[in-house]
Amino acid sequence: MMHIHTMISAPAPGWLPWLAAALACLLAPAARAELQIDITQGVTDPIPVAIVPFASAALADGGFDLAAVVQHDLDGSGRFRSMSRASMHAAPQHAVDVVVADWRAAGEDYVLVGRTTAEQGGKLVIACELLNVLTGQVVGATHFDATAATMRRVAHQVSDFVFEKIVGARGAFATRIAYVAVEGEPPAQRYRLYVADADGEGAQVVLDSSRPIMSPAWSADGQWLAYVSFEDRVAAIYVQQLRSSQRQRVSQRAGVNGAPAWSPDGKKLALTLSGSSGNLDIWVLELATQGLVRITNDPAIDTEPAWSADGKELYFTSDRSGGPQIYRTDVATHEHVQRITFGSSYNARARLAPDGRTLAFVTREGSDYRIAVQDLGNGGVRVLTRGSLDEAPAFAPNGLTLIYAGKVGGRRTLATVAVDGQVTQRLKADHGDVREPVWGPFTGN
Amino acid sequence: MKSNLMMAVAGLAVLMALAGCPSKPVLKSSGAAAGTAVPGGAGSGQNGAGANANGPGDQAGGAGAGAGTGKEGASAPVGVARLIYFDFDSSEIRPEFVSVIAAHAKALSANASIRVRLEGHTDERGSPEYNIGLGERRSQVVRRALMLQGVAESQLSTVSYGEERPAVAGETEDAWAKNRRVEFIYLN
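Residues numbered from 1 in each chain as written. Chains lettered and ligands numbered in written order. Predicted model: local features only at pLDDT ≥ 70, side-chain atom pairs only at ≥ 80, totals over all residues.

**Some words on the overall build of chain A**
Part 1: Within chain A, the regular secondary structure consists of four helices and 31 strands.
Part 2: Per-residue burial over chain A gives 54% buried out of 445 residues.
Part 3: Looking at chain A alone, contacts between residues at least 24 apart form 47% of all its contacts between residues at least 6 apart. (Helix = DSSP H or I, 4+ residues; strand = E, 2+ residues; numbered from the N terminus. Buried ≥ 20, exposed ≤ 12 C-beta atoms within 10 Å, placed from the backbone. Contact = placed C-beta atoms within 7 Å.)

Here it is, written out as C-alpha cells:
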C-alpha cells in the first residue's frame with residue numbers, strides 16, 4: 001500500500017484537492033511499501049505542471065496508472081506542483097490535441113501527454129510529449145519499451161524525462177536506495193537490509209539478521225552491495241550481488257571490520273580495520289587478489305573512508321586532532337594528510353558529490369547533530385537540516401539531493417534534503433527504525 | 001564495469017580457495033530478483049566463523065544494571081557486575097568501576113581457560129561507524145586494564161557494536177548513559 005502523508009506547511013492553499021485526487025488514484029494499485037513520504041518543505045514557487053492521464057492499453061498494462069506515478073514523483077521532488085485531475089477540462093493524449101490556451105488559462109506552465117500501446121508478445125510502448133504552455137512548443141518527446149512488470153520503472157523514467165527537460169538536470173527517480181531497518185525493542189532487535197525504488201516502493205529484503213547490519217555501500221554499477229554484518233558476533237564485511245543474492249565475505253579480521261566503500265572502478269574496497277590492538281585505520285582491499293594496502297597509520301580513530309570521483313583520493317574521519325574531523329589523503333602515496341573541516345568540534349562521515357566539488361557530512365551544532373555541505377573550492381559550509389540526531393548523508397546520483405537518517409518522535413526515519421536547502425521530505429517506515437540510507441547509481445535506460 | 005567486478009569476485013573466490021580460507025556461504029536465491037539471506041539462525045555455521053553457539057538469546061545483560069543477568073557461561077564470577085558505564089565521549093574507566101574490573105581480573109587470572117569477550121557500546125548520537133571506533137576504544141581500555149592485572153591476552157577478545165545494540169531505547173540522558181557501556185561476555 002502506498003502511503004502518502006503530505007504535510008505542507010506554507011504554500012498553496014489551492015492544492016489540497018489535487019492531493020486528494022492523487023491519493024485516491026495512488027491508493028488503487030495495492031503494492032506494499034516500506035516507506036511513507038512526507039514533504040516537510042518545498043520550494044516557495046513550484047513549477048505548475050499538468051500530467052494528463054495516459055491512454056491505457058486496456059488489459060495489457062494491467063490498468064497501471066503511469067501518470068499518477070509521474071505526478072507523485074514530481075510533487076515529491078518539491079520542485080513541482082501538479083494539477084489535480086478533477087480540474088482538468090480535457091484529457092488529450094497527443095501533443096497535437098493540446099489546446100495550449102486552455103492550459104495557460106488554468107495556470108499551468110507545462111503539459112505532459114502520453115499513451116501506452118500494446119504490441120505483440122506482451123510488449124508495451126509508452127510514448128509521451130511535453131509541451132511548454134506559454135510558447136506552445138513541444139519541448140521534448142520520448143518513448144520507452146515496457147512490459148506489465150516494468151511499468152513502474154518506466155514511469156520513473158518518464159519523470160526523469162520531464163525533470164530534465166524543465167529543470168535542466170538529470171532526474172534521479174528511476175534509481176534505487178538501500179537502507180537498514182531495525183525492528184523490535186532493545187535488546188531483542190531484528191535488522192534487515194532493504195533495497196527499494198527511490199520513492200520507497202518495491203522494497204526487497206537483501207539480508208535479515210538478529211544481529212546488526214551496518215554501512216551498506218553500492219558498487220558503481222549498481223549490481224552489488226557491500227555491508228557490515230555482525231551475524232557471527234564479530235564484525236565482517238560482505239559483498240553481495242543483488243540479482244543472485246550470491247555473496248562473499250571479504251573481511252573478517254580481528255577487531256573492527258567496517259565502513260566499506262567501493263572504488264569508482266569497482267575493483268577495490270576502502271575499509272576500516274583495527275586489528276586486535278583496536279587502532280582503527282583506513283585500508284584498501286583489492287577484491288581480485290585480497291591484497292591489503294594500509295592508507296592511514298595513526299593512533300587516532302581513522303574511519304569512514306569515501307573515494308573521490310577519480311579514485312585518486314580518500315576522504316575519511318579522524319579524531320587525531322581531539323574530536324572527529326574530515327581529512328583527505330591521496331591513495332597512491334598516502335603521505336600527505338590534509339584536514340578539510342573546521343568550525344565545529346564534530347564533523348564526521350563525509351560523502352562526495354558526484355562532481356567532486358561538494359562534501360556532505362555530519363556536523364554538531366551545540367548539542368544537535370545535523371547534515372552540512374562544504375564547498376571544496378571556497379570552503380563555505382551550509383547546515384541543511386534542523387534535526388537533533390541527523391546522520392549518514394548520501395548523495396543522489398545527480399548530486400541535487402541528499403538522503404539521510406534523522407530521528408523524529410523517537411523513531412529513526414529517512415529524509416531527503418535538496419543540496420540547495422530548498423526542499424526537505426521525510427520517508428517514514430511503516431514500522432521500526434530506518435537508518436543508513438544509500439542512494440544507488442544511475443543504471444542506464 | 002560489471003565484468004570487471006565479476007572477474008574480481010570470481011578471482012577472489014579462487015584465491016581464497018587456494019589459500020584455504022573458510023568456504024563462503026552460498027546463499028540461496030529465492031528465484032526472484034532478490035533473495036533473502038538469513039544469517040544467525042541454524043544455518044550460520046556454514047559461514048565458517050561462528051565458533052560459539054549461544055543461540056539467538058545471547059543478549060548479554062540488557063537493561064539490567066549488572067550482576068549476572070546474562071546467559072553466558074558458568075565461569076563468570078558470582079556477584080560481579082558484567083557491565084561498566086562510561087561518560088559521554090569518554091573511554092576513561094570511572095572510579096566506581098575499578099573494583100569491578102579488578103574482580104574480573106582476579107577470576108580470569110586464576111583460571112587461564114576462561115575466555116571473555118568485551119563488547120563496547122556507545123549512545124546513539126553521532127555517526128555510526130565513528131561510534132564503532134569509540135566502542136572499540138572502550139573495550140580496549142578494559143582489555144588493557146585486565147591485562148595489566150595479569151589476565152592473558154589469549155583470554156580476551158573485543159567487539160564493538162557502536163550504537164547498533166542499545167541496552168535501552170530512548171532519547172534521554174539516562175538512556176544514553178545506560179547505553180555507553182562495556183559488557184563482559186563469558187564464553188565458557
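Next, the rest of the story.
**Thoughts on the overall build of chain B**
Part 1: The number of helices and strands found in chain B is four helices and four strands.
Part 2: Along chain B, helices and strands appear, N-terminal first, in the series α-β-α-β-α-β-α-β.
Part 3: Counting all 188 residues of chain B, 41% fall into the buried class.
Part 4: For chain B, long-range pairs separated by at least 24 residues make up 64% of all intrachain contacts whose partners lie at least 6 apart in sequence.

**Remarks on the sheet that holds strand β13 (residues 236-241) of chain A**
Residues and elements named next belong to chain A.
Part 1: Spatially, the four strands line up as an open sheet ordered β11-β12-β13-β14, and their pairing is antiparallel. Both outer strands of the open sheet, β11 (213-218) and β14 (247-251), are each paired with one neighbouring strand and no more. Each adjacent strand pair in this sheet contributes to an overall mean axis angle of 25°, direction not counted. (Pairing = 2+ DSSP bridges. Axes fitted to C-alpha atoms, helices over the stretch in contact; angles between N-to-C directions.)

**A word on the nonpolar core**
All names here are of chain A.
Part 1: In this structure, Ala178, Tyr194, Leu225, Ala226, Leu269, Leu314 and Leu402 are the most contacted members of the largest nonpolar core, which totals 97 residues.
Part 2: Here this core takes six residues from strand β8 (residues 176-183), the largest share from any one element.
Part 3: Setting aside residues up to four positions removed in sequence, leucine 225 forms contacts with Ala178, Val206, Pro216, Ala217, Trp218, Gln240 and Leu242.
Part 4: Membership of the second largest hydrophobic core comes to 38 residues, among which are Val52, Ala67, Met83 and Ala146. (Core = buried A, V, L, I, M, F, W, Y, C linked by C-beta atoms within 7 Å.)

**Examining the packing of helix α2 (residues 66-76) of chain A against helix α4 (residues 151-167) of chain A**
Residue and element names in this part refer to chain A.
Part 1: With their axes 9 Å apart at the nearest point, α2 and α4 run at an angle of 50° to one another. Looking at the two axes, α2 sits oblique to α4. Helix-helix and strand crossings are classified by hand; for α2 and α4 the assignment is right-handed. Listed contacts from α4 to Leu66, Val69, Val70, Asp73 and Leu74 of α2 are Met151, Arg152, Ala155, His156, Val158, Ser159 and Val162. (Parallel < 35°, antiparallel > 145°, perpendicular 65-115°, else oblique. Left-handed = near helix turned anticlockwise from the far one by under 90°.)

**A look at the confidence of the model for chain A**
Part 1: For chain A, the mean per-residue pLDDT works out to 88, and 89% of the residues sit at or above 70.
Part 2: In this model residues 1-33 of chain A is a low-confidence stretch, pLDDT under 50, and it forms 50 contacts with partners more than four residues away in sequence or in other chains. (pLDDT = per-residue confidence, 0-100.)

**Quick word on the sheet that holds strand β3 (residues 47-51) of chain A**
Residues and elements named next belong to chain A.
Part 1: One open sheet holds the five strands; their spatial order is β4-β3-β5-β6-β7, and the pairing between them is mixed. Pairing within the sheet leaves two strands with one partner each, and these edge strands are β4 (80-82) and β7 (138-146). The sheet shows a mean angle of 25° between the axes of neighbouring strands, direction not considered.
Part 2: Here α4 sits on the sheet in contact with β3, β5 (110-118), β6 (124-132) and β7, set at roughly 165° to β7.

**Concerning the confidence of the model for chain B**
Part 1: In this model, chain B carries an average pLDDT of 73, and 61% of its residues clear a pLDDT of 70 or more.
Part 2: With a pTM of 0.82, the predicted complex shows an ipTM of 0.87.

**Notes on unusual backbone geometry**
Residues and elements named next belong to chain A.
Part 1: The phi torsion at arginine 233 lies on the positive side, around 70°, for a residue other than glycine.
Part 2: Following the sequence through the fold, arginine 233 ends up in the loop between β12 (224-229) and β13.
Part 3: Under the C-beta neighbour-count criterion, arginine 233 is labelled buried, with 22 such atoms within 10 Å.
Part 4: Phi is positive for glutamine 290, close to 60°, though the residue is something other than glycine.
Part 5: If you trace the backbone, glutamine 290 turns up in the loop between β17 (281-286) and β18 (292-294).
Part 6: In this structure glutamine 290 comes out as partly exposed when scored by C-beta crowding, with 15 C-beta atoms within 10 Å.

**Things to note about the packing of helix α2 (residues 98-110) of chain B against helix α3 (residues 128-148) of chain B**
Residues and elements named next belong to chain B.
Part 1: The geometry of α2 relative to α3 is characterised by a closest axis approach of 9 Å and an angle of 55° between their N-to-C directions. Judged by the angle between their axes, α2 and α3 are oblique. Taken as a pair, α2 and α3 cross one another with a handedness that is right-handed. Where α2 abuts α3, its residues Ile101, His104, Ala105 and Leu108 lie against Val142, Ala145 and Leu146.
Part 2: When its residues are assigned to classes, the contact of α2 with α3 shows six nonpolar, one polar and no charged. (Nonpolar A, V, L, I, M, F, W, Y, C, P; charged D, E, K, R; others polar.)

**A few points about the pairing of β6 of chain A**
Residue and element names in this part refer to chain A.
Part 1: With nine bridges connecting them, β5 and β6 associate as antiparallel partners. Bridge pairing in β6 places arginine 115 opposite alanine 127.
Part 2: Following β5, the chain reverses through five residues before pairing antiparallel with β6; glycine 121 in that reversal takes a positive phi of roughly 70°.
Part 3: Between β6 and the antiparallel strand that follows it, β7, lie five residues; glycine 136 among them carries a positive phi value of about 80°.

**What to know about α3 of chain B**
Residue and element names in this part refer to chain B.
Part 1: For α3, with 21 residues, the first-to-last C-alpha span of 30 Å sits near the 30 Å given by 1.5 Å per residue.
Part 2: Across the 21 residues that make up α3, a large majority, 17, are buried.
Part 3: Trailing α3 by a residue or two, glycine 150 shows a phi angle of about 100°, which is positive. (Expected span 1.5 Å × (residues − 1).)

**Quick notes on α2 of chain A**
Part 1: Counting buried positions along α2 of chain A yields 11 of 11 residues, so the element is predominantly enclosed.
Part 2: All of the buried residues in α2 of chain A are Leu66, Ala67, Ala68, Val69, Val70, Gln71, His72, Asp73, Leu74, Asp75 and Gly76 of chain A.

**Overview of the pairing of β8 of chain A**
All names here are of chain A.
Part 1: Burial of β8 is extensive: seven of the eight residues sit out of reach of the surface.
Part 2: Where β8 hands over to strand β9 (residues 190-197), the hairpin turn is made up of six residues, of which glycine 184 adopts a positive phi near 95°.
Part 3: As paired strands, β8 and strand β31 (residues 433-439) are joined by five bridges and run antiparallel to one another. Paired with isoleucine 177 across the two strands is tryptophan 439, which belongs to β31.

**Structural notes on the environment of histidine 156 of chain A**
Part 1: Mapping histidine 156 of chain A onto the fold places it in helix α4.
Part 2: Expressed as a C-alpha distance, the spacing of histidine 156 of chain A and arginine 386 of chain A, which sit 230 residues apart in the sequence, is 29 Å.

**Regarding the environment of aspartate 375 of chain A**
Part 1: Here aspartate 375 of chain A lies in strand β25 (residues 368-375).
Part 2: Residues contacting aspartate 375 of chain A, with those up to four places away along its chain left out, are Arg357, Thr358 and Gly380 of chain A.

**With respect to the environment of aspartate 87 of chain B**
Part 1: Mapped onto the secondary structure, aspartate 87 of chain B falls in the loop between β1 (83-85) and α2.
Part 2: Given 10 C-beta atoms within a 10 Å radius, aspartate 87 of chain B is considered exposed.

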